[in-house]
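Here is what each chain is made of, one letter per residue.
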Amino acid sequence: MSEMVWSILICLVVHNYLSMVQLTTSQISLIDIYKRITNLEGDVDFGEKIVISSEFQRGDEETGVWSLEAKREYINSLENNYPTGLISIVKPHISTCGSNRSLSYNVIDGGNRTRTIRDFFNNKFTIDGLFFGSYYEEDKFEGETISITRREALKAKCIAFQTIRLERNDPPTTISEMFTRLNTRSVPLSSGELIKSHGWLKNKNIIEIAKFFISNGWETSYDNDLVSYIRNQWVDVFCDGDPSILKEGKRCDNMAMMCGYIVSAITGDFNTFDKRYNKIKNHLEIVITPAHIQTITTKLAMFLNIMKGTFIRDVFGQVTQGMPSRKTVAPVWYKICDGTLSPQFQDKMKRFFKSMVEDVDLRTKYVAIRDGGSNGETTIGKMGKIIDMIENW
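Residues numbered from 1 in each chain as written. Predicted model: local features only at pLDDT ≥ 70, side-chain atom pairs only at ≥ 80, totals over all residues. Heavy atoms only, no water.

Visitor: Please clarify how the environment of Ile-37 should be interpreted in this entry.
Guide: Turning to its location among the elements, Ile-37 is positioned in helix H2 (residues 30–38). Overall, Ile-37 belongs to the buried group, its relative accessible area being 13%. Expressed as a C-alpha distance, the spacing of Ile-37 and Ser-104, which sit 67 residues apart in the sequence, is 10.0 Å. With sequence-adjacent residues up to four places away left out, Ile-37 is seen in contact with Ile-50, Ile-52, Thr-114 and Arg-118. (Helix = DSSP H or I, 4+ residues; strand = E, 2+ residues; numbered from the N terminus. Buried < 20%, exposed > 50% of the residue type's maximum accessible area, 1.4 Å probe, protein only. Contact = heavy atoms within 4.5 Å.)

In structure tokens, the structure reads:
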């Protein structure tokens, strides 16, 4: 084999090696974790800081999903040298963020554990009726605390710690795939949590637009006047004009569903009108253009025009934190999504839904088609039957 061929093969091997996720496993003391989370003394390099309130945490980003009892049991397990699992942190490759030192680490697994360490050291809860006490021994703390000996032993306690660095050619879904495998053994991840982890760098346009649309419960730098206008219309229709009603829940379902609206509006594919991660993940990399925004907002405006005045609870069910049920609004979105809704059919659809307020028999037949068969799934076949029903009405 020629020297040139060998060189090419070696380059390929090196390239593939450098494209693999890099893992380092070590031991770290609780006080070092606490310092890297809080940086109270201001001496932690930004690139070594650990962020708990990342895109990978379940539930509310400040409090997580652990109960007070679970937090106390975790601290007790640490003190008794019980196995408590590995805490994993991650940061992207230099090509993604400019410099590996310019971005903090995010906790990808162990968010509730690191949050518990932080909160106990910050005297947010007690164990055995006692607070942790002062971080600095010279400071006074009002309240009963654990002994100095117990406090110092806890600060020095070491736990297993894993540092993950992504490489240049790792695919965009690497983090969400890791997150899935790390978490699906216990409480299954919601699609919203998977979508949130997919957009952990806050650079996925569709996810950021969805966050901006929901607003309450999300932080994003995205801003757009057209999207904001449509959001206000949405609030008028589904939230009785109260913007505080449209907000995120603990499992990120509203953001996920809004991603489904956005993706299906762009693609014109009703199959992507879905909050499930596996249905829309391949579209979350789309770079949104002004033309996309025009398409998204035009279709949402059409949707809201129909829903305004026709949205009745007996037909469309309850609204959850400002988000109507996908199953109940799918027949309205179906022809809007694929771009085939004519003005004539739009007017007829309005009259059809309004008539159900009084026509109980029509409502019963409609709901039977919408909810029957297919394990309750919202299928294209069902949508076709409903469109036929409206056309022949």
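Resuming the write-up.
Visitor: How do you make sense of helix H9 (residues 205–214) when you look at a structure like this?
Guide: One turn of the α-helix equals 3.6 residues, which is why residues spaced by three or four share an orientation. When you tally the buried positions in H9, you get 9 out of 10 residues, the bulk of the element. Contacts made by the buried residues of H9 are with helix H8 (191–198), helix H10 (225–238), helix H11 (253–267) and helix H13 (290–307). At the exit of H9 stands Ser-215, carrying a positive phi of roughly 65°.

Visitor: What is the right way to look at the packing of H9 against H11 in this model?
Guide: Angle between the axes and distance between the axes are the two parameters that describe a pair of packed helices. Contact geometry for H9 and H11: axes closest at 8 Å, N-to-C directions at 125°. On the basis of their axis angle, the class for H9 and H11 is oblique. Crossing handedness for the pair H9 and H11: right-handed. Touching Ile-206, Ile-207, Ile-209, Ala-210, Lys-211, Phe-213 and Ile-214 of H9 are Asn-254, Met-255, Met-258, Cys-259, Ile-262, Val-263 and Ile-266, all from H11. (Axes fitted to C-alpha atoms, helices over the stretch in contact; angles between N-to-C directions. Parallel < 35°, antiparallel > 145°, perpendicular 65-115°, else oblique. Left-handed = near helix turned anticlockwise from the far one by under 90°.)

Visitor: Got a minute to help me understand the pattern of salt bridges in this structure?
Guide: Where charged atoms of side chains with opposite charge meet at close range, the side chains can pair. Scanning the entire structure with this criterion turns up 18 salt bridges. Two residues, Lys-275 and Asp-253, come together in a salt bridge whose shortest N-O distance is 3.8 Å. With Lys-275 in the loop between H11 and helix H12 (277–280) and Asp-253 in helix H11, this residue pair connects regions lying 22 residues apart in the sequence. Residue class for Lys-275 comes out partly exposed when judged on its relative accessible area of 31%. Put simply, Arg-276 and Glu-377 hold a salt bridge, and the shortest N to O gap is 3.1 Å. Residue Arg-276 is found in the loop between H11 and H12, and its partner Glu-377 is found in the loop between helix H17 (360–371) and helix H18 (380–391); the two are separated by 101 residues along the sequence. (Salt bridge = Lys/Arg side-chain N within 4 Å of Asp/Glu carboxyl O.)

Visitor: Looking at this model, I keep getting lost on the environment of Ile-312. Mind explaining?
Guide: Here Ile-312 is to be found in the loop between H13 and helix H14 (313–316). Distance in space between the C-alpha atoms of Ile-312 and Phe-353 is 8.6 Å, their sequence separation being 41 residues. If we skip the residues at most four places from it in the chain, Ile-312 touches Gly-317, Phe-353, Met-356 and Val-357.

Visitor: Teacher, can you tell me more about the sheet that holds strand S5 (residues 158–165) here?
Guide: Either a parallel or an antiparallel arrangement is found when strands of a sheet pair, and the pairing is made through backbone hydrogen bonds. Taken in spatial order, the 5 strands of this open sheet run S1-S5-S3-S4-S2, and their pairing is mixed. Single-partner strands in this sheet number two, and they are strand S1 (22–29) and strand S2 (50–51). Examined bridge by bridge, strand S3 (residues 87–91) and strand S4 (residues 105–109) share 3 bridges and lie antiparallel to one another. Following the sheet pairing, Val-90 is matched in S4 by Asn-106. (Pairing = 2+ DSSP bridges.)

Visitor: Sorry if this is basic, but what is going on with the packing of aromatic side chains here?
Guide: The description of an aromatic ring pair rests on the distance of the ring centres and on the angle between the ring planes. Overall, the coordinates contain 26 aromatic pairs when judged by the stated rule. Ring centres of Phe-311 and Phe-316 lie 5.5 Å apart, and the angle between their planes is 20°; on these two criteria the pair is classed as stacked. When sorted by exposure, Phe-311 lands in the same class as Phe-316, which is buried. Its end group placed over the ring of Tyr-105, Lys-91 keeps NZ or CZ at 4.6 Å from the ring centre. (Phe/Tyr/Trp six-rings, centres within 6.5 Å; stacked < 30°, edge-to-face > 60°. Lys NZ or Arg CZ within 6 Å of the ring centre and 35° of its normal.)

Visitor: I would appreciate a short explanation of the packing of helix H15 (residues 326–337) against H18 in the present structure.
Guide: It is the contact of H15 with H18, at a shortest axis distance of 10 Å, that shows an interaxial angle of 90°. On the basis of their axis angle, the class for H15 and H18 is roughly perpendicular. Side by side, H15 and H18 meet where Ala-330, Pro-331, Tyr-334 and Lys-335 of the first sit next to Ile-380, Met-383, Ile-386 and Ile-387 of the second. Classifying every residue of the contact of H15 with H18 by side-chain character gives 7 nonpolar, no polar and 1 charged. (Nonpolar A, V, L, I, M, F, W, Y, C, P; charged D, E, K, R; others polar.)

Visitor: Any chance you could explain the pairing of S3 here in plain terms?
Guide: Moving residue by residue along a regular strand, the side chains alternate between the two faces of the sheet. Within S3, 5 of the 5 residues are buried, leaving the element largely enclosed by the surrounding structure. Side chains of S3 alternate between two faces, with Ile-87, Ile-89 and Lys-91 and Ser-88 and Val-90 buried alike. Pairing of S3 with S5 involves 5 bridges; the strand directions are parallel. Opposite Ser-88, over in S5, you have Gln-162 as the bridge partner.

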